[in-house]
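# Coordinate analysis (summary)
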2 protein chains.
Amino acid sequence: MNSTIRLQLEHKTIRKFKEIEIPEEIVSTLIDVARHTSTSSFMQAYSIIRVSDPGKKEKLAQFGKQDYIAQAPLLLVMLSDMHRNTKIAQENSASDIHFASFDRFLSSSTDAILAAQNIMIAAESLGLGGVFLGSILNQADKIIEVLELPDYVVPVLGIGIGYPDQEPQLKPRLPQAFMFMEDRYQLPDLAELQEYDALVNQYYDLRDANRRVDKFTTQVTRYAENPNLERSRLLDIFRSQKIIKY
Amino acid sequence: MNSTIRLQLEHKTIRKFKEIEIPEEIVSTLIDVARHTSTSSFMQAYSIIRVSDPGKKEKLAQFGKQDYIAQAPLLLVMLSDMHRNTKIAQENSASDIHFASFDRFLSSSTDAILAAQNIMIAAESLGLGGVFLGSILNQADKIIEVLELPDYVVPVLGIGIGYPDQEPQLKPRLPQAFMFMEDRYQLPDLAELQEYDALVNQYYDLRDANRRVDKFTTQVTRYAENPNLERSRLLDIFRSQKIIKY
C-alpha cells in the first residue's frame, strides 16, 4: 500500500464542486500527465478540448442532461483524433491513408481513455475530484458541431474536475470472484451475488433517504430493459465523421 | 508535484522483465484497484482474465507477434463483458435486453480501459513496469477461442506486467499546443512539428544504434500507408460475438 494505491482504492465520483478556479499550472500538469500516458504504436491519435465558454458548457450540460457538466470548473472532452495524423500523412504525400478502420478507431479511443484515467488520478492526488461524462455522447452529432470537430475526430469521454463540495461514500464493487478469472472465462453461480446486492442496497440506504434503495442486479435488469435511444445512432454518427468506414 | 504525478510523468513502457514472480498479494491489490475505477452507469461491464497457462501465453504471443507477451510474469486481458449482466437480466426475467448497441460496447470497453490504466499506475507505484498490448486484437477470433469467451464478451486490451529488466529513455510526446485545445478543434501549423520531429529523431538515435532513426511525422505516414489487414475484420468478429449488433 502506498499513497497512489490508497487514492485509487478510495476513488469516489465527485459531481458537486466548490466555486474555486483550478490554477492554470495545475491544468497544465494534468495535460502533461495525459501526454505521458501510453499510446498505441506511438500514434498519439487523441486530443483534448477544454470547454471554457459558458454557453458551450451549458449546451454540453443540456446534451448530457446533467447540470453538473456546466458547473465543473474544468471541463475536458477527450477526442479520438485521426485528423491530425491524416493531415501529417497528406503533407508527407502518403500513397494512401488507412486510418478509417474500426480497429484504428479502437486504438485511438483507447489512447484517449487511458489518458482520461491518468488525468483523474493526477487530479485526485492534488485534492481535486471528478466525474467521467459518458453522457456527452447522448447527442454526439450536436457536440461535434459545438466543438467544431472536423472529419476523423469524435468525442469519446468527458471529464468534469474541481474541488469537491461533497463527501460521497465509497460505492461497493463487484467482488473479485465475479470479474477476475484465470485462463478462461468462467463465472461463479450468480445466485452468490445476493450478498453483494445487500451491500449495494445498504449503500443507497445510507446515502440518500430520498432515493430509491436499489440492488445491483435490479439496476442491471432495468438498464437492460431500457435502451438509450438517443445513442442508438452513435455508430452512424461516427461513420459520418469518417472515422469508422470499415 | 507529488509522487503520483512524478510516476505518471516518468511513465515508460517496459517490455523486458526479470524472472521474478509477482507476489499474489500484489496481484490482488492490482485487481482491487481496477475494481475501484469509475464505471459507466455502475454497470461494471468488464472482466479481467489472467493468463497463467504457459501454452496459452505462448499462443497470445504468437497472435500478437511479440515474444514479450509470453514472458510477462503477469499477463492480463481486459474484456468488454456484457455476458454477466445479460445473465443477471435474464435471471431477473427482464422483458427485453438492449445491450448489443455500439454505444454500450463503447461504455463497457471504456470501463475496461480506465481500469487498465489504473492497474498500470498501481503497478508502477510498486516498482513494477508494464506494457499495454493492443496486439492481442491481431487475431481476435483466436484469442476469443483460447480464452473461451462466451457471446457478448470481447477482448479490448492486454497488459503485461513484471519487474523491469530494462531502463528505457523517456519518449518525447507531442507538445501541448498540438493536442490541447480550447472550446473548439484547432491545430497549429503542422510545419511547427519540425522541432518535435527532431526531438523524436534524437530519442531513437540515443536509444538504439541499430534501429532506424525516425521522425514522428515519418512514422505517422508509414502507419497511414500500411493497413493492419489482420485486424480489418475486427468489427465483424465483434459482431459475431453479438456484442455489437447495431
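Right, let's walk through the structure included here. Bear in mind that the values here come from a model prediction, so they are computed numbers and not experimental data.

Contacts between the two partners involve 116 residues from chain B, matched on the other side by 116 residues from chain A. Both faces combined, the contact of chain B with chain A buries some 10,300 Å², and carbon together with sulfur accounts for 63% of it. Inspection of the chain B/chain A interface yields four salt bridges. In this structure, A:Arg184 engages B:Glu148 in a salt bridge whose closest nitrogen and oxygen atoms are separated by 3.6 Å. Between chain B and chain A we count 56 residue pairs in polar contact (both at pLDDT 80 or more) in total. Among the elements that take part in the side of chain B that touches chain A, helix 6 (residues 102-125) of chain B stands out by supplying 15 residues, more than any other. Looking at side-chain class alone, the side of chain B that touches chain A contains 61 nonpolar, 34 polar and 21 charged residues. When strand 5 (residues 180-182) of chain A meets strand 1 (residues 46-50) of chain B, the two strands line up parallel, connected through three bridges.

Once that is clear, we can look at the side chain of A:Ser80. Residues and elements named next belong to chain A. On the secondary structure map, serine 80 appears in strand 2 (residues 74-81). A relative accessible area of 0% places serine 80 in the buried class. Residues contacting serine 80, with those up to four places away along its chain left out, are Ala45, Phe105, Ser108, Ser109, Tyr152, Val153, Val154, Val156 and Ile243.

Attention shifts here to the packing of aromatic side chains. All told, the structure shown has 14 aromatic pairs over all chains when counted by the stated rule. Seen in terms of ring centroids, A:Tyr196 and A:Phe216 are 5.5 Å apart; in terms of plane orientation they differ by 65°. Their pairing is edge-to-face. Here A:Tyr196 is found in helix 8 (residues 194-207), whereas its partner A:Phe216 is found in helix 9 (residues 216-225), with 20 residues between them in sequence. A:Tyr196 gets classed as buried once you look at its relative accessible area, which sits at 2%. Seen in terms of ring centroids, B:Tyr203 and B:Tyr204 are 5.0 Å apart; in terms of plane orientation they differ by 70°. Their pairing is edge-to-face. Residue B:Tyr204 is classed as buried on the basis of its relative accessible area of 1%.

Turning next to helix 2 (residues 24-35) of chain A. Between its first and last C-alpha, helix 2 of chain A extends 16 Å over 12 residues, near the 16 Å set by a 1.5 Å rise per residue. Turning to helix 2 of chain A, its buried residues are A:Ile26, A:Val27, A:Leu30, A:Ile31, A:Val33, A:Ala34 and A:Arg35. Each element contacted by the buried residues of helix 2 of chain A is listed here: strand 1 (46-50), strand 2, helix 6 (102-125) and strand 4 (153-162) of chain A together with helix 1 (3-9) and strand 5 (180-182) of chain B.

Our next topic: the relation of the copies chain B and chain A. Between the two copies, chain B and chain A, the superposition gives an RMSD of 0.0 Å; the rotation angle is 180° and the shift along the axis is 0.0 Å. Look at the turn and shift together and you get a two-fold axis relating the two. Looking at chain B, 100% of its interface residues are interface residues in chain A too, so the copies touch through the same face.

Moving on to the environment of A:Met78. Residues and elements named next belong to chain A. Mapping methionine 78 onto the fold places it in strand 2. With relative accessibility at 0%, the residue methionine 78 sits in the buried group. As for methionine 78 and alanine 116, which are separated by 38 residues in sequence, their C-alpha atoms are 7.1 Å apart. Discounting chain neighbours no more than four positions away, the residues touching methionine 78 are Tyr46, Ser47, Ile48, Ala112, Ala115, Ala116, Ile119, Val154, Pro155, Val156, Leu157 and Ile159.

Working definition: the strands of a sheet are paired by backbone hydrogen bonds and lie parallel or antiparallel to each other. One open sheet accounts for five strands, arranged 3(A)-4(A)-2(A)-1(A)-5(B); its pairing is mixed. At either margin of the open sheet sits one strand with a lone partner, and together these are strand 3 (129-133) of chain A together with strand 5 of chain B. Each strand axis lies, on average, 25° off the axis of its neighbour in the sheet, ignoring direction. Helix 2 of chain A contacts strand 1, strand 2 and strand 4 of chain A together with strand 5 of chain B of the sheet and is inclined by roughly 165° relative to strand 1 of chain A.

Strand order in the open sheet formed by five strands is 5(A)-1(B)-2(B)-4(B)-3(B), and the pairing between neighbours is mixed. Where the open sheet ends on each side, the last strands, each with one partner, are strand 5 of chain A together with strand 3 (129-133) of chain B. Neighbour-to-neighbour, the strand axes of this sheet turn through a mean angle of 25°, independent of strand direction. In this sheet, strand 4 (residues 153-162) of chain B lies alongside strand 3 of chain B in antiparallel orientation, the contact comprising five bridges. Residue pairing in the sheet places B:Val131 in a bridge with B:Gly160 of strand 4 of chain B.

Calculation criteria
Residues numbered from 1 in each chain as written. Chains lettered and ligands numbered in written order. Predicted model: local features only at pLDDT ≥ 70, side-chain atom pairs only at ≥ 80, totals over all residues. Heavy atoms only, no water. Contact = heavy atoms within 4.5 Å. Buried area = accessible area lost by both parts, 1.4 Å probe. Salt bridge = Lys/Arg side-chain N within 4 Å of Asp/Glu carboxyl O. Polar contact = N/O pair within 3.5 Å; in protein donor to acceptor, adjacent residues only side chain to side chain. Helix = DSSP H or I, 4+ residues; strand = E, 2+ residues; numbered from the N terminus. Nonpolar A, V, L, I, M, F, W, Y, C, P; charged D, E, K, R; others polar. Pairing = 2+ DSSP bridges. Buried < 20%, exposed > 50% of the residue type's maximum accessible area, 1.4 Å probe, protein only. Phe/Tyr/Trp six-rings, centres within 6.5 Å; stacked < 30°, edge-to-face > 60°. Expected span 1.5 Å × (residues − 1). Least-squares fit on C-alpha atoms with pLDDT ≥ 70 in both. Axes fitted to C-alpha atoms, helices over the stretch in contact; angles between N-to-C directions.

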